[in-house]
Amino acid sequence: MTETQRKTVVIGIGNASCGDDAVGVQVARQLKEKGNLEMAVVEESGEPTSLMAAMKGYERVILVDAILGHGALGAMHMIDASKSPLPAELFSHYSTHSFGLVESIELARALGELPLKVLVIGIEGGQFEPGDEMSEQVQSSIGKAVDWILYQSENYSYAESR
Amino acid sequence: MLELKLLDRRVKFMSVDENGNGATKRRKIKVNYMARVEGEGGLDIKIRDNKVSDVKLHIFEPPRFFEAFMRERMYSEAPDITARICGICPIAYQMSSCHAMEQALGVSVDGPLRELRRMIYCGEWIESHVLHVYMLHAPDFLGYEDAIRLAKDYPDVVKKGLHLKKIGNELVTFLGGREIHPINVKVGGFYKVPSKKEMKDFSEKLKVALELAQEMVAFSAQMPFPDFEQDYEYVANRHPDEYPFNEGRIVSNKGMDIDISEFYDYFEERHVEHSTSLHAVIKGRGAYHVGPLARYSLNYDKLSPLAQEAARKADLEATCYNPFKSIVVRSVETLWAVEEALRIADAYEMPDQPSIKIEPRSGEGHSCTEAPRGILYHRYRLDDEGKIVDAKIVPPTSQNQAVIENDLYHFVEKFIDLDDEKLQWKCEQAVRNYDPCISCSCHFLRMKVDRDGVVSETK
């Protein structure tokens, strides 16, 4: 295990019973099923205080959340929030959380509690209602996100280290 | 003690445009609610010849959808369905629906199960009040655009607020099974209850919360309060032995004292042209005020000595008619809720059964419980199989709508000489006194000031 991995937490955000909103949580669950992980993995509802507590103390955080679709259902967007805020329009309008991810990251930044490296994997979703099924395209992106986190995230170049 | 400084507030009402440009939109807290039915709230203020001629608050009210949605469902589904109306106060919806169903079904929940219900409600009050006081209301008073900017100057204050909120969340999760949309509450009690050992372990967190809540009262007491008192009719539950949560009679400071089943004999909901929401009024009298100020002013004698003392130190009297001081009252109620949760934890004996047995039957049940924002009334009628024939829900924010408009009417008059931007900020703060539940009512305020036909608008 490398030093960075030991200090990494992956946080899957979402509501397991709200269609595509479950994608973050599903990514976290599949990662955990792989076992023998070299990073911490947790599920979060998106509630800001718990989310902030889950990130605290790590050097690197990878947050996985559903974002509002922009025409490419299931597409993954890698967004580096280490130095600058997330683009609010991707997250706030359709967020089913109580104080958006955007605000939680900024509040952690203001308090000096944000990990040095912050990567958000936003997966485009289309249906977010309670009881909705997950779209096929979003479903197939779960495995891709898991693989990317396991095998490629290490090489991601953060604003912080540039 | 912490010293607070007031900033020159640079009033900006920035918004994110369709391309995502611009900074984050004012203070906006999203709630866990279905996006499609989320409505946009708005406030229209009309000024003619330097006098307020009209104030209209537009709010949008999802509970109406749920009333229709619940027909034909089993009585046992009501707590979970109604909990989805509001991501901030799901426990309130669960409690009001459980109590109303239990009345319809002819049972009542007592002993340790009743205590556990009070305890989980404490968790919701703590979560909700702390979020509002630290994240929304304090920045208003101190001249910050949002909590993020407040956190830059007062990191320790905000950290303590977040810590206290986290303990509130943990209390809801501890008894409710999960944080948002708790699933452990059912008609008749709970699916699972904690052991005595688990309860004892949890109470350690509450001891920490007790300190934090005392600091919260001291913090909120330092805010600068505008001189603004109104002659409200306060309406809240009142119980002979306790600060109210789930049970009691509905009382007011102007002589009302009724059984909950008489709700519709005394209150009515009127359609108004400018809103999809119904305006709740007391028949023959008009607007009334529900929530922390009403609860406090009608039940001060039922607070613990510690909470009363904290209130006194914060310069609160036994009644309070300044809506801006609701921030202090919320803090006092938070302190009381922590103490109450601790009391219940200390005295806890695990019940033999997590819930009482229910036999479906036909009937009608009413309940009114104290949601963080005020009384939440539910009424159900059931058929012989226990299926819901009819459901009525009256949420706190729609009850306060008329009183919010009245406040603004008088408040704008007082500040009419301010420029529109400053006026809008003041109004936003005045609306926020009521902590309007944005999922139950207004998503967020768009304000329109029409001064003799010249309109300025925030987006």
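One can find the structure itself at the top, above this paragraph.
Just give me the short version of the overall build of chain A, but keep the residues and values in it.
A tally of helices and strands in chain A yields 6 helices and 5 strands. Of the regular secondary structure in chain A, the N- to C-terminal order runs α-β-α-β-α-β-β-α-α-β-α. Sequence-distant contacts, at least 24 apart, represent 80% of the contacts inside chain A between residues at least 6 apart. Total accessible area on chain A is roughly 6,300 Å²; 46% of this is exposed by carbon and sulfur atoms.

Quick rundown of the sheet that holds strand β5 (residues 235-238) of chain B? Include the residues and the values.
All names here are of chain B. Here 3 strands make up an open sheet; going across it, the order is β5-β6-β7 and the pairing antiparallel. Lying at the two open borders of the sheet, with one neighbouring strand each, are β5 and β7 (257-258). Of the pairings in the sheet, the one linking strand β6 (residues 249-252) to β7 comprises 2 bridges and is antiparallel in character. Paired with Ile 250 across the two strands is Ile 258, which belongs to β7. This element, helix α9 (residues 292-299), spans β5 and β6 of the sheet and lies at about 50° to β5.

Explain the sheet that holds strand β11 (residues 374-382) of chain B residue by residue, including any values.
All names here are of chain B. Here we have 3 strands laid out as an open sheet, ordered β10-β11-β12, and antiparallel in their pairing. Each edge of the open sheet is held by one strand with a lone partner, namely β10 (363-371) and β12 (388-394). When strand polarity is set aside, the average angle formed by the axes of neighbouring strands in this sheet is 15°. Alignment of β11 against β12, held across 6 bridges, turns out to be antiparallel. Along β12, the bridge assignment pairs Arg 381 with Asp 390. Of the strands in this sheet, β10, β11 and β12 touch helix α3 (residues 90-105), which is tilted by about 150° from β10.

Please set out unusual backbone geometry residue by residue, giving values where relevant.
Only a minority of non-glycine residues have a phi that is not negative, and only a minority of peptide bonds are not trans. Residue and element names in this part refer to chain B. The phi dihedral of Asp 49 falls on the positive side, at around 50°, and the residue is not glycine. Residue position: Asp 49 is located in the loop between β1 (41-48) and β2 (51-58). Although it is not a glycine, Asp 315 sits at a positive phi angle of roughly 65°. Relative to the elements of secondary structure, Asp 315 occurs in the loop between α10 (305-313) and α11 (326-347). By relative accessible area, Asp 315 is classed as exposed at 62%.

Conventions adopted
Residues numbered from 1 in each chain as written. Chains lettered and ligands numbered in written order. Predicted model: local features only at pLDDT ≥ 70, side-chain atom pairs only at ≥ 80, totals over all residues. Heavy atoms only, no water. Helix = DSSP H or I, 4+ residues; strand = E, 2+ residues; numbered from the N terminus. Contact = heavy atoms within 4.5 Å. Areas by Shrake-Rupley, 256 points an atom, 1.4 Å probe, with all protein chains shown as cover. Pairing = 2+ DSSP bridges. Axes fitted to C-alpha atoms, helices over the stretch in contact; angles between N-to-C directions. Buried < 20%, exposed > 50% of the residue type's maximum accessible area, 1.4 Å probe, protein only.

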